[in-house]
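What the coordinates show
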Amino acid sequence: MKSFKLIHFPALLTLSIFLLAACSAKYSPQKSAETRKLLESKSFEFLAQSATPMRGRTIQLTSEYRVIFTRDSIDSHLPYFGTAYTAPYGTSTSPLTFSSTNFTYALEETKSGRFEIAIRLNEPDDPSLMNISVSPAGYATLVVNSINRQPISFYGQVQARRTGRR
């Protein structure tokens, strides 16, 4: 019985070290400060990895979909999956592919360390509201609410804007 414990001790020690490293990698005060600074600058990109319509399954996105935020504009390039209550005649582009300069941006940090961003688009077109919930590590959920369509959420991450892009 004693030899059994001694043989498995190195394996358990190694496993414990890996688990401790994985847990500490999830939250880092330095990463949280970087994420806060990025969101306060209002100059970042949201990279969508999956979409979840109000009704339906989560869809893994294989193409590069993103929303580019700057201090004075939003450029959205996202797909839409869901039900439209009304839609303009003859359009072939996604309703979530748009640019806007008329919006309000409100950032709030919660007690749990998450960042909540509420963006209200002040134009009469769809969508009308975008809410982004960002973890201290930069992982984010974007929920898009429209007047004429069902809400849709996207999961991805925020990062600094790429140079050479608007």
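Residues numbered from 1 in each chain as written. Predicted model: local features only at pLDDT ≥ 70, side-chain atom pairs only at ≥ 80, totals over all residues. Heavy atoms only, no water.

What follows deals with the pattern of salt bridges. Pairing is possible between side chains that carry opposite charge, provided their charged atoms lie close to one another. Scanning all chains against the criterion turns up 3 salt bridges. Residue R36 pairs with E109 through a salt bridge whose shortest N-O separation is 2.8 Å. Residue R36 is located in helix α2 (residues 29–41), and its partner E109 is located in strand β5 (residues 103–109); the two are separated by 73 residues in the primary sequence. Note on R36: relative accessible area 28%, which makes it partly exposed. The partly exposed category is assigned to E109, whose relative accessible area is 38%. Ionic pairing is found between R66 and E64, a salt bridge with its closest N-O pair at 2.8 Å. (Salt bridge = Lys/Arg side-chain N within 4 Å of Asp/Glu carboxyl O. Helix = DSSP H or I, 4+ residues; strand = E, 2+ residues; numbered from the N terminus. Buried < 20%, exposed > 50% of the residue type's maximum accessible area, 1.4 Å probe, protein only.)

Ordered in space as β4-β3-β2-β1-β9-β8-β7-β6-β5, the 9 strands form an open sheet in which the pairing is antiparallel. Across the chains shown, the open sheet's two edge strands, defined by having one partner strand only, are β4 (97–100) and β5. The sheet shows a mean angle of 20° between the axes of neighbouring strands, taken without regard to direction. In the packing of α2 onto the sheet, the strands contacted are β1 (44–53), β5, β6 (115–121), β7 (129–134) and β9 (152–160), and the crossing angle to β6 comes to about 15°. (Pairing = 2+ DSSP bridges. Axes fitted to C-alpha atoms, helices over the stretch in contact; angles between N-to-C directions. Contact = heavy atoms within 4.5 Å.)

Attention shifts here to unusual backbone geometry. Of note, the phi angle at K42 is positive, near 60°, even though the residue is not glycine. Mapping K42 onto the fold places it in the loop between α2 and β1.

Read these as layout, nothing more, since geometry by itself doesn't imply function.
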